[in-house]
Amino acid sequence: MNNTSVIKVDNLVKRYKELVALDHFHLDIREGEVFGLLGPNGSGKSTTISCILGLLKYDKGTIEVFGEEMKPSSYELKRKIGVVPQNVAVFDELTVYENIDYFCGLYINDKNTRKQYVEDALKFVELEDFRKFYPKKLSGGLLRRLNIACGIAHKPKLIFMDEPTVAVDPQSRNKILEGIQELNRAGATIVYTSHYMEEVEKICTRIAIMDTGKNLAIGTTEELKAMIKTGETIQVEILDFDEKILEGILEGIRKLSNVYKAEYDDRHLIVQYTKGQRNLVTLLDFLKENEVAFGRVYSELPTLNDVFLEITGKELRDKN
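Residues numbered from 1 in each chain as written. Predicted model: local features only at pLDDT ≥ 70, side-chain atom pairs only at ≥ 80, totals over all residues. Heavy atoms only, no water.

**Here's the deal with the sheet that holds strand β4 (residues 60-65)**
Strand order in the open sheet formed by four strands is β2-β1-β4-β5, and the pairing between neighbours is antiparallel. Strand pairing shows two members of the sheet lacking a second neighbour, β2 (19-30) and β5 (68-69), which therefore form its edges. For strand β1 (residues 5-16) and β4, the ladder comprises five bridges, and the chain directions are antiparallel. Each residue of the ladder has a partner; that of Val9, found in β4, is Ile63. Strands in contact with helix α1 (residues 45-52) are β1, β2 and β4; relative to β2, the strand with the most contacts, it is inclined by about 65 degrees. (Pairing = 2+ DSSP bridges. Helix = DSSP H or I, 4+ residues; strand = E, 2+ residues; numbered from the N terminus. Contact = heavy atoms within 4.5 Å. Axes fitted to C-alpha atoms, helices over the stretch in contact; angles between N-to-C directions.)

What follows is the structure, given as structure tokens:
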């Protein structure tokens, strides 16, 4: 990855009558990144991508792709871009090979080059043995791979992948994620959206968290985790707890160093800490001193989901 901007969005505003879909939105995606774009439904992700691709008019701002202004008529720019949509977009009446050949042919005119590119795409998604199959004969995972092959067959330098692993089995998901990383190693810059936080943590170099048409936070996974209050969450299974002294125990825990929240739920103490060390030792010592019998203990550092929830106040899969 370097500092050359592949996508630069500045002060972008998009309104649908009274609704502000993008509110002075900024974005800078650099060459060689796998860039994660996260946001709940209605946050503006799809609108952002449509504007970047020149598919949607906007009210204010500028968009540059590969250093050039993106316009609806920027056909040469669009030849450098591949799109893998969330909803599988292939032709049922065409075979696997014919589908890839059709989409590749939208960008590549030379027949010999296109033939080689189609074979490369078939090999890349491991569909060589299915070249004569029609889409309705493919499993969900294979259909997703075909969708990817159609989007990347012309060897684009910039690829948008919108939820490419939705509704596929774990084996196909892993294969798709490995393929995305391979495309990136081969030189493609990738913009990736997903509802699966573990995928984003695994493959994205940087992540933007969107909500209400704004870019709320941007950074690497570690940089985003450092922005939030939660530094560690400890859960302790309580074996024998006198409800009468519960509030006193919780009050004592809340006074321990680095604790900002402590609660009791379904026979478990849940204690959340800001940054700090030796939190687990201190908590267990406190429980022993107060003769609280406990069983299993779990300690977790903040996840990307914690970051998303604290910054937006929503779960990623929330509909509102």
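**Some points on the nonpolar core**
Grouped together as the largest cluster of nonpolar side chains are 43 residues, with contacts concentrated most on Ile100, Leu146, Met161, Ile180, Ile190, Tyr192 and Leu304. By residue number, the principal contributor to this core is helix α5 (residues 140-152), which donates six residues. Not counting chain neighbours up to four residues away, the residues in contact with Ile190 comprise Glu33, Val34, Phe35, Ile159, Met161, Ile180, Leu183 and Asn184. One finds Val9, Leu22, Phe35 and Ile63 within the second-largest nonpolar core, a separate group that totals 24 residues. (Core = buried A, V, L, I, M, F, W, Y, C linked by side-chain atoms within 4.5 Å. Buried < 20%, exposed > 50% of the residue type's maximum accessible area, 1.4 Å probe, protein only.)

**A few points about the environment of Met227**
As for its placement among the helices and strands, Met227 is situated in the loop between α8 (221-225) and β11 (232-240). Residue class for Met227 comes out partly exposed when judged on its relative accessible area of 46%. Note: C-alpha distance between Met227 and Ala217 (ten residues apart in sequence) is 8.7 Å. Those residues within four positions of Met227 in sequence are excluded, and the remaining contacts are Ala217 and Ile218.

**Re the pairing of strand β13 (residues 268-273)**
Counting buried positions along β13 gives five out of six residues, so the element sits mostly inside the fold. Here six bridges tie β11 to β13, and the two strands are oriented antiparallel to one another. Bridge pairing links Glu232 to Tyr273 in β13. In this structure, the hairpin formed by strand β12 (residues 259-265) and β13 is closed by a connection of two residues, where Asp266 is found at a positive phi of approximately 50 degrees.

**Some remarks on the pairing of strand β10 (residues 214-219)**
For strand β9 (residues 206-211) and β10, the ladder comprises five bridges, and the chain directions are antiparallel. By the bridge assignment for β10, Ile209 is matched with Ala217. Taking the residues that link successive antiparallel strands as the turn, the β9-β10 hairpin has two residues, and the phi of Thr212 there is positive, at about 45 degrees.

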